[in-house]
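Understanding the architecture of this molecule
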Amino acid sequence: MQNRRKFLQQLGGASAAILLPFTAVALSGQPMSRPLKFAMVADPHRDLIPDADRRLDAFMEQVDHEKPDFIINLGDFCFGKEKNKSFLQRFKQFAGPGYHVLGNHDMDMNTKAEMVAFLEMSNRYYSFDCKDYHFVVLDANHLYQDGKFIDYQHGNFYVDDTLREFIDDTQIAWFKADIAATTRPVIVFSHQSLFHYLYGVKNRLALQLIMEEENKRAGFKKVIACFNGHDHIDLHRELNGINYFEINSLSYQWFNTKNFDRYDKKLYDEYKMLPNIAMYKDPLYAFVSIDNRQLTVKGIRSSWIPPSPYDAGIPKAIYGNECTPVISDYIIKR
């Protein structure tokens with residue numbers, strides 16, 4: 001039976017601190033790990049909103065202040081257009097390593113190969129080491145139809161939801177071998193959730209099983225956590241010893257109904273989706289620190305730019321969870 005631990009809900013205006021049993025990576029027989037910090041931003045959607053540059057600037061200014069070991073974009077960064085090179089260049093101004101995860105909307109106007117080249121990624125999926133930890137970046141941007149995996153490209157994922165958000169068999173085999181080959185603790189990044197039962201990766205159970213079996217084989221909690229964007233929600237769950245985090249969008253939540261009319265009319269000619277977008281007042285991002293005692297997520301708590309979706313009559317729940325302009329704080333202890 002799956003072992004799901006309860007977590008503390010957010011209390012009033014204070015950021016929630018999640019205190020869950022967490023086995024530190026430096027168990028008996030394992031080397032002590034040096035403290036590490038990284039910064040994450042998810043779903044900027046530069047082509048859909050008018051102030052994405054300001055929002056990314058805020059993130060990068062905080063990065064310059066906190067000086068993490070690396071930064072990572074969890075997907076839906078921008079289209080692969082000439083006009084977006086300045087947006088990408090701002091991300092690249094960080095003095096340390098910067099990494100990208102492919103998001104589904106990154107291929108709205110481009111092929112996957114074009115986006116890999118535009119973002120200067122080494123591959124559509126890959127892994128890297130930083131200090132004493134191993135990080136894996138996955139690509140869940142596939143349709144699965146008639147027994148074949150089909151890359152997202154030129155917006156072809158706008159089809160029946162049951163056909164999309166798959167990780168291909170070749171990548172799954174690589175993932176299993178990659179995390180088995182390292183002796184370091186592992187953290188996994190993907191755009192779509194490896195946990196979410198409604199809108200996560202369709203064949204996520206295969207990935208979950210691989211991670212859980214590797215933890216058993218290694219004899220310690222080798223795979224510590226998985227982080228994703230995509231759903232623009234704030235969520236944490238622990239499942240069978242692995243922590244799954246949904247990182248909220250830098251910018252907004254999207255709704256099917258056109259209830260949001262807050263900008264100059266001229267902007268709607270360029271940004272067609274604005275009537276569907278409930279914007280966050282402040283840009284949201286997160287910093288993660290790891291040491292031998294705990295994993296800490298430090299997020300941002302903002303508010304809605306009026307009108308809020310609830311003022312517009314939209315139900316609070318989406319994707320099975322409440323929409324909030326928040327990335328919560330968490331402390332996962334051993």
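Presented here is a report on the structure given in the accompanying data block.

Definitions and limits used
- Residues numbered from 1 in each chain as written.
- Predicted model: local features only at pLDDT ≥ 70, side-chain atom pairs only at ≥ 80, totals over all residues.
- Heavy atoms only, no water.
- Helix = DSSP H or I, 4+ residues; strand = E, 2+ residues; numbered from the N terminus.
- Buried < 20%, exposed > 50% of the residue type's maximum accessible area, 1.4 Å probe, protein only.
- Contact = heavy atoms within 4.5 Å.
- Areas by Shrake-Rupley, 256 points an atom, 1.4 Å probe, with all protein chains shown as cover.
- Axes fitted to C-alpha atoms, helices over the stretch in contact; angles between N-to-C directions.
- Parallel < 35°, antiparallel > 145°, perpendicular 65-115°, else oblique.
- Nonpolar A, V, L, I, M, F, W, Y, C, P; charged D, E, K, R; others polar.
- Expected span 1.5 Å × (residues − 1).
- Pairing = 2+ DSSP bridges.
- Phe/Tyr/Trp six-rings, centres within 6.5 Å; stacked < 30°, edge-to-face > 60°.
- Left-handed = near helix turned anticlockwise from the far one by under 90°.

1. Some words on the overall build of the chain
Scanning the chain for helices and strands turns up six helices and 19 strands. Looking at the chain residue by residue over its 334 residues, the buried ones come to 56%. Long-range pairs, those at least 24 residues apart, make up 72% of the contacts in the chain with a sequence separation of at least 6. For the chain, the exposed surface amounts to about 14,300 Å²; the carbon and sulfur share of it is 53%.

2. Remarks on the packing of helix H1 (residues 52-66) against helix H2 (residues 85-92)
At a minimum axis separation of 10 Å, H1 and H2 run at an interaxial angle of 10°. Taken together, the axes of H1 and H2 lie roughly parallel to each other. Residues Ala 52, Asp 53, Leu 56, Asp 57, Phe 59, Met 60 and Glu 61 of H1 form the contact with H2, whose own contacting residues are Phe 87, Arg 90 and Phe 91. For the contact of H1 with H2, the per-class residue count stands at six nonpolar, no polar and four charged.

3. A word on the environment of Thr 257
Mapping Thr 257 onto the fold places it in the loop between strand E13 (252-254) and helix H6 (265-270). For Thr 257, a relative accessible area of 39% corresponds to the partly exposed category. Discounting residues that sit within four places of it in the chain, Thr 257 has contacts with Pro 275, Asn 276 and Ile 314.

4. With respect to helix H5 (residues 204-218)
Compared with the 21 Å implied by 1.5 Å per residue over 15 residues, the 21 Å span of H5 between its first and last C-alpha is a close match. By the burial criterion, the buried members of H5 are Arg 204, Leu 207, Gln 208, Ile 210, Met 211, Glu 212, Glu 214 and Asn 215. On the buried face of H5, the contacting elements are helix H4 (169-181), strand E9 (186-190), strand E10 (223-228), strand E11 (235-239) and strand E12 (242-246). The first or second residue beyond H5 is Gly 219, which carries a positive phi of 85°.

5. Points about the sheet that holds strand E6 (residues 133-137)
Overall, mixed pairing links the six strands, which are arranged E5-E6-E9-E10-E12-E11 in an open sheet. The open sheet terminates on both sides in strands that have one partner only, identified here as strand E5 (126-130) and E11. Direction aside, neighbouring strands of the sheet carry axes that sit 20° apart on average. Relative to E6, E5 runs antiparallel, the two being bridged by five bridges. Bridge assignment links Asp 129 to a residue of E6, and that residue is His 134. In the packing of H4 onto the sheet, the strands contacted are E5, E6, E9 and E10, and the crossing angle to E6 comes to about 175°. Sheet strands touched by H5: E9, E10, E11 and E12. Its angle to E12, the strand with the most contacts, is close to 140°.

6. Description of the packing of aromatic side chains
Under the definition given, this model contains 29 aromatic pairs. Judged by centre distance (5.0 Å) and plane angle (5°), the rings of Phe 38 and Phe 70 are stacked. Pair noted here: Phe 38 is in strand E2 (residues 36-41) and Phe 70 is in strand E3 (residues 70-73), with a separation of 32 residues, a long-range link. Like Phe 70, Phe 38 is buried. Aromatic rings pair up to connect Phe 38, Phe 70, Tyr 99, Tyr 126, Phe 128, Phe 135, Phe 189, Phe 227, Phe 245 and Tyr 330 into one cluster.

7. Considering the pairing of E12
In terms of burial, E12 is largely enclosed, as five of its five residues are buried. Side chains Ile 242, Tyr 244 and Glu 246 of E12 all project onto a buried face; the interleaved residues Asn 243 and Phe 245 project onto the opposite face, where all are buried too. Summarising the sheet, E10 and E12 pair through four bridges and their orientation is parallel. Of the residues in E12, the one forming a bridge with Ala 225 is Asn 243. Note: E11 against E12, five bridges, orientation antiparallel. If you follow Leu 239 over to E12, its bridge partner there is Ile 242. The loop that links E11 with its antiparallel partner E12 comprises two residues; one of these, Asn 240, has a positive phi angle of about 50°.

8. Here's the deal with the side chain of Thr 324
Turning to its location among the elements, Thr 324 is positioned in the loop between strand E18 (321-322) and strand E19 (330-333). Classification of Thr 324 as buried rests on a relative accessible area of 13%.

9. Some thoughts on the packing of H4 against H5
Between H4 and H5, the least distance of the axes is 10 Å, while the angle of their chain directions is 20°. Taken as axis vectors, H4 and H5 run roughly parallel relative to one another. By crossing handedness, the relation of H4 to H5 is classed as right-handed. For the pair formed by H4 and H5, the contact residues are Ile 172, Phe 175, Lys 176, Ile 179 and Ala 180 on the first element and Leu 207, Ile 210, Met 211, Glu 214 and Arg 217 on the second. Within the contact of H4 with H5, the residues separate by chemical class into seven nonpolar, no polar and three charged.

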